Amino acid sequence: MRFTDIFIQRPVLATVVSLLILLLGVRAAMDLEIRQYPQLESTTVTISTAYPGASSDLIKGFITTPLQQAIAESSGIDYLTSTSAQGSSTIEAHMELNYDANAALAEIQSKVASQRNVLPTEAQDPVISSSTGDSTALMYIAFYSEGELSVPQITDYLTRVVQPQLQAISGVGKAQLLGRTFAVRVWLDPERLAAVDMTPVEVVDQLRANNYQAAVGTTKGTFTEIALTSNTDIADPEDFKQLVVKQKNGTQIRLQDIARVELGAQSYDQLVMYKGIPATFTAIELAPGANPLTVAKLVKDELPGIRSQMPSGLEIRVAYDGSQFIEDSISEVIKTLAEALVIVLIVVFLCLGSVRASIVPSIAVPLSLVGGAFVMLLFGFSLNLLTLLSMVLAIGLVVDDAIIMVENIHRHIENGESRYDAAIHGAREMAVPIIAMTTTLVAVYAPIGFMGPCGFTVHRVRLYSGGHRGNFRDCSLDPVAHAVRQSS
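Residues numbered from 1 in each chain as written. Predicted model: local features only at pLDDT ≥ 70, side-chain atom pairs only at ≥ 80, totals over all residues. Heavy atoms only, no water.

Participant: So what exactly am I meant to see when it comes to the confidence of the model for the protein here?
Facilitator: Close inspection of predicted coordinates is inappropriate for parts of the model with low pLDDT. On average, residues of the protein score 78 in pLDDT, and 83% of them are at 70 or above. Confidence over residues 453–488 falls short of pLDDT 50; this stretch has 65 contacts with residues more than four positions distant or in other chains. (pLDDT = per-residue confidence, 0-100. Contact = heavy atoms within 4.5 Å.)

Participant: Which parts of the structure should I look at to understand the environment of Val-118?
Facilitator: With respect to the helices, strands and loops of the structure, Val-118 is situated in the loop between α4 (101–113) and β4 (127–132). Val-118 sits in the partly exposed class, given a relative accessible area of 47%. For the pair Val-118 and Pro-66, spaced 52 residues apart in sequence, the C-alpha separation works out to 7.9 Å. (Helix = DSSP H or I, 4+ residues; strand = E, 2+ residues; numbered from the N terminus. Buried < 20%, exposed > 50% of the residue type's maximum accessible area, 1.4 Å probe, protein only.)

Participant: Can you help me understand the packing of aromatic side chains in this one?
Facilitator: Geometry of an aromatic ring pair is reported as the spacing of the ring centres plus the angle between the planes. In the structure shown here, the tally under the stated rule is five aromatic pairs. Every member of this aromatic cluster is reached through a ring pair, and the members are Tyr-140, Tyr-320 and Phe-325. (Phe/Tyr/Trp six-rings, centres within 6.5 Å; stacked < 30°, edge-to-face > 60°.)

Participant: Would you explain a nonpolar patch on the surface in this entry?
Facilitator: A contiguous nonpolar surface patch, about 740 Å² in accessible area, is contributed by Val-342, Leu-345, Ile-346, Phe-349, Leu-350, Val-355, Ile-359 and Ile-363. Elements that contribute at least two residues to the nonpolar patch include exactly α11 (323–352) and α12 (355–378). Sorting elements by how many residues they give to the nonpolar patch places α11 first, with five residues. Residue Ile-363 is classed as exposed on the basis of its relative accessible area, which comes to 54%. (Patch = residues over 30% accessible without salt bridge, like charges linked within 9 Å, V, L, I, M, F, W, Y side chains within 5 Å. Areas by Shrake-Rupley, 256 points an atom, 1.4 Å probe, with all protein chains shown as cover. Salt bridge = Lys/Arg side-chain N within 4 Å of Asp/Glu carboxyl O.)

See the structure below:
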């Protein structure tokens, strides 16, 4: 007796097994994590060092180069990128996929600490941060205004009103703002500064000494307790202008005498644009284990309420929605499955002339795919673009096997055998050929499993101010990279 005979001789057992596969598959499909791409732990460690007033060449020679040489000795690094700009140095260590993020951060911290005595004494301590996960957020929401509101005003409104609402949504890990923020900027005049015999460092010291926050204390009465406060900080540009920075020959020198004070942006190195209009983007990042489809739907449901509260002249658009690709992929799988079932019904019916023979493979195909969800859950897979693509390919394999089996059994029936004997003989004959055919087709796609996590390598060169070039690999394409322009 062959293995295939068991399910023909015992139809109740075959029905129970089919129902068990269906239940396990449906339950596993409900527990499968939905992601845009397979989960890979891609860690990037960023080392930022500030050296106010230093040129890019000085930053490169005395900060970037020694730190980069020391960091390169760490294990697990895939490649390094560095940027030497005026007043700041940024080094990014991209770790190998699935390398322990905590181990990478600890080792790089020790390497940076070993070079602290080599760095200039005027340079600030290096700031080390680590980020793990996708560099692209789930959604990018653009807030822009055509001339009525400036970008810092938009960012200020989003920080106070919109960002807390978005971060309160279930499944949203972080709502990061990409735009310019408000800051009081003091533009020093070198000639006037030299005329009063002052240096920029002295001006900074005076600003720090005259701008601080402090509480006076409390006073207690018989029945009351009152907290006392005082205005010890400066927040208005006009107040900054009247700040006394030096007294010379009985004359008070105020900040407005040596500098231009204005309320502007904290940084002018980055400009974010939406369709050619300066804007502020809100990047919606997923919380660990959150369903991107559910989170995207909740965010979209929240947008009408946010739009109704926005000031006049402020517009909102969803510039990028990563969940749309996942929904399209799932819809494509369902569409392909429906097309496969229709083709099976038509082909089998036209060739065999039997409706019953057409229904059998139409039931076996979706049952096999649902059962595959249980195997995916056992191996720790998620429902992502790659696994959905594999399901589309698997549909063709299952359809071919079902049609071959039904046609072979029907051939035995036409030769005069009973349905039972035809099923026994037809299954015995096709068991080994189907296994061999499936193995051959699987071998065609097997080399994909031996490919690295990055199927291609893109070499690019960036030119930064100061002439520092950096060659690096990039395994992803940022869908909103065109909206962000870096300027030095």
